[in-house]
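# Structural description and commentary
Here's the letter readout for the chains.
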Amino acid sequence: MSNNFKIMWHQGKQYIPDVTTAKVPGIFRGRPIISTVKVNEDTLVDICPTHAISANPVCIDLGKCTFCGECAILFPEKIFFAKDCKLATNQRSRLIVREGEDKPVTLDPDMVRGEIKRIFGGSLKLRQVSAGGDNSCEMELNATNNVNFDMSRFGIDFVASPRHADGLVITGPITANMAEPLERCYNAVPNPKIIILAGTDAISGGIFADSPALNREFLYRHTIDLYVPGNPVHPLTFINGVLSLLRK
Amino acid sequence: MENVTIHNNTTIALSEIPELAYDEFMEGNLGLLSEKPERHCVLYFGYRKEELLRLICCLADDETHLIHISSSIVNPSTVLPSFTAQNANFEKFERELHENFGLKYADHPWLKPLRYPYNRFDLSQTMENYPFCRSESEELHEVGVGPIHAGIIEPGHFRFICNGEQIMHLEIQLGYQHRSIEQLFIEKKKLLERTTLAENIAGDTTIGHTTAFVNLWESLCDFTPERSLSFARTLAQELERIAIHTGDLSGICTDIGYQLGNSVYGRLRTPIINFMQEWGGNRFGKGLIRAGKINYPFTPKLAERLQTILKAYEPDFDEITDKFFHLPSTLSRMEKTGVVSYGKVLEIGTVGMAARMSGLNRDIRTSHPYNLYGSTIVHEPILKHHGDVYSRVQIRKQEIKQSIGYIRTLLENVPEFSNTENPILTPGSDKFVLSLAEGWRGEICHAAITDASGNLIAYKIKDPSHHNWKALAEAVQNNEISDFPICNKSFNLSYSGHDL
């Protein structure tokens, strides 16, 4: 037993005391800042593998961006990826970052359904569904509950059964082969319920957007409560996104 | 049998691959494999040639470091004798040919759908009507698990036939993750698009798959990478191995119910993936590996930082490992659980950890070296002989230590990084190229064929999980169903890598 205490002691303090102010170590390609410098916009638009960049004015759609950073390498005077990891919002159009703007991505408070804070404010149980996800987003969602990020301190947990859940977290571009299991899982979650899209693949299909093997109809039928960009989503992006949805 | 032999990452003219009559092709390849455990099939696939189908078979010989390639042109509507009836290595490859092109086999023992691609030959085959092995016995019962599992993992369906708590049979139905990646490789023309696709084949093996792709692409474009590029790929590969193995040890502790191990291994993974973040801006290494260049040079400062991280990692890892490997309660869950014998892994043709756990020496880092393997790093595969959960866990433990050693060797001589410019890479025309890499799971194989104008006409990806899923089904036989999670985690196979 003494040995166990020794092991625990040797780990030191691993948890991040305040995830709302924590910084991601090293370089992190978070919220892009686009300057008003004139560059060859055709080349800029053309290099993006997921058509996330549009011209005149230059915009980057974080719902499509894979955060590969290639545009910032080729046009460092035009695009800079800031370390800001708070990228989640509840309105799809707010994921589009325009040139000359440098303001944080936030939620539209008017669009947050009243029952979300009232019912889920103290406790939110989520069921995750991977629908073509490549296992990187899934691993990062697992990491939200490790000893570093410890999301359950906020009463937010992932649960095994949709019957125990208050909402779904979807990762992956939603393959045709997963469309039905996803719908059935959603139907098994009791009302009221929320839907969170985690990762670029889930939000727009990402690099798979024009794959004929997808079936994204689920998204047309239901209201999305939170978009969390990233490839994969960083645990801090996810936790902060959900916290701002719950207005904690 | 007439065949052409190449080394790993070699490009040859497509016309160099001999075209044989199917009988000769089959007899020849099966003959090459017969009684030769050092040889196995790394890839067997087909591509359309007008109305016909050209089958290409690639057998790797681990002793000679050569890959034997041969081909045969068949009419997809004829009924053929199967390789599988004589050698189970080909089971999934032939199921894939059947599913994609409607190729008929007279004597394939298990000709079931593999991954339900959107453009499968027979669209009447659907996820809902998969022909599961059934039992009519009143004493046995069936347990269905998935596609959505209890944890945060990828989807797949497991169907158990049990006698009480004991598993008699497990059948695994996959395909839920199918995104048509191979087709997208052909349709998307830009290099960055293809690299991004490679990064997303299996996100837990980003480095492994992207390395296989860029090595292949550089060979196809007749581009020789500088040492710095090979250095970065080798280093990233070993970092990925440490990170995922550590995470797996954490997962195995969870499945045993050993909370301390789960927390400590879980948090030990963090500094390693955070280092990937510091180096390339992504915890999984997305954006790091690029053909012909690197956007994030490995600086001496990063080298120093990595030394510090490993120095802090090692004592904590050793301490918890010493505890974990000496607890009777954890050992009793791992020893003799989920056993696959040497004979069985050889029959299935497993690769990577799932081969080395039972004494079958398969490791591309020694058998078909690439990047800095075989030169700066002379790899000695770690072999175990019991083929149980404990063997797989021991391999992880020892490979982590080994990778730390390799990284220290690499850090002794950090090359200058200069190439951050986009090189001009033009694929050769009418070529065939094959690339093998040893990811943390095992052997990754990518192959490409180009037409007369250098456009891709076939791109083939094989994740090690392709071979190894069958080993999981074998491993759980006669075990308690409650031991399924630990067996599953000890293999930790990829769904997306299999479904593509």
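Cut-off values and rules
- Residues numbered from 1 in each chain as written.
- Chains lettered and ligands numbered in written order.
- Predicted model: local features only at pLDDT ≥ 70, side-chain atom pairs only at ≥ 80, totals over all residues.
- Helix = DSSP H or I, 4+ residues; strand = E, 2+ residues; numbered from the N terminus.
- Axes fitted to C-alpha atoms, helices over the stretch in contact; angles between N-to-C directions.
- Parallel < 35°, antiparallel > 145°, perpendicular 65-115°, else oblique.
- Left-handed = near helix turned anticlockwise from the far one by under 90°.
- Contact = placed C-beta atoms within 7 Å.
- Pairing = 2+ DSSP bridges.
- Domains from an automatic or database assignment.
- Nonpolar A, V, L, I, M, F, W, Y, C, P; charged D, E, K, R; others polar.

For the bond from Asn56 of chain A to Pro57 of chain A, the omega torsion is -10 degrees, close enough to zero to count as cis. Secondary-structure assignment places Pro57 of chain A in the loop between strand E2 (53-54) and strand E3 (59-61). Of the consecutive residues Gly146 of chain B and Pro147 of chain B, the connecting peptide bond is found in the cis state with omega at 15 degrees. Its location among the elements puts Pro147 of chain B in the loop between strand E9 (141-145) and strand E10 (157-163). At Glu35 of chain B, a residue that is not glycine, the phi angle is positive and equals roughly 60 degrees.

What follows covers the packing of helix H6 (residues 227-256) of chain B against helix H7 (residues 259-280) of chain B. Residues and elements named next belong to chain B. Two elements in contact, H6 and H7, have axes whose closest approach is 8 Å; the angle formed by their N-to-C orientations is 160 degrees. With respect to their mutual orientation, H6 and H7 come out roughly antiparallel. In the crossing of H6 with H7, the sense of the turn from one axis to the other is left-handed. Only Gly261, Asn262, Tyr265, Gly266, Leu268, Arg269, Ile272, Ile273, Phe275 and Met276 of H7 make contact with H6, whose side of the interface consists of Leu239, Ile242, Ala243, Thr246, Gly247, Leu249, Ser250, Cys253 and Thr254.

On to the sheet that holds strand E2 (residues 10-13) of chain B, then. All names here are of chain B. Spatially, 4 strands are ordered E2-E12-E13-E14 in an open sheet, and the strand pairing comes out antiparallel. The open sheet has two free edges, formed respectively by E2 and strand E14 (456-462), since each of these has just one partner strand. Ignoring strand direction, the axes of neighbouring strands in this sheet form an average angle of 15 degrees. Strand contacts of helix H5 (residues 206-220): E2, strand E12 (431-438) and strand E13 (443-450), with the helix running at about 150 degrees to E12, the strand carrying the most contacts.

This part is about the domain arrangement of chain B. Residues and elements named next belong to chain B. Domain boundaries assigned for chain B yield domain 1 (4-114) and domain 2 (190-462). Each of domain 1 and domain 2 has a C-alpha centre, and these two points are 27 Å apart. Across the boundary between the two partners, domain 1 contributes 24 residues, which contact 29 residues of domain 2. Among the secondary structure elements, those contributing two or more residues to the side of domain 1 that touches domain 2 are E2, strand E4 (39-49) and strand E5 (52-61). Broken down by element, the residue count for the side of domain 1 that touches domain 2 peaks at 6 residues, all from E4. Taken together, the residues of the side of domain 1 that touches domain 2 sort by class into 15 nonpolar, 8 polar and 1 charged.

Moving on: the domain arrangement of chain A. Where the parts come together, the accessible area they lose is often given as the size of the interface. All names here are of chain A. Domain assignment breaks chain A into domain 1 (32-98) and domain 2 (109-245). Between domain 1 and domain 2, the C-alpha centre-to-centre distance is 24 Å. The partner domain 2 presents 22 residues to the 17 residues of domain 1 that form the contact. Residues that form the side of domain 1 that touches domain 2 fall into these classes: 8 nonpolar, 6 polar and 3 charged.

So, on to the interface of chain B and chain A. Between chain B and chain A, the contact holds 49 residues from the first and 50 residues from the second. Secondary structure elements with two or more residues in the side of chain B that touches chain A: helix H4 (191-199), H7 and helix H8 (300-324) of chain B. For the side of chain B that touches chain A, the leading source of residues is H7 of chain B, giving 9 residues. For the side of chain B that touches chain A, a count of residues per class yields 20 nonpolar, 18 polar and 11 charged.

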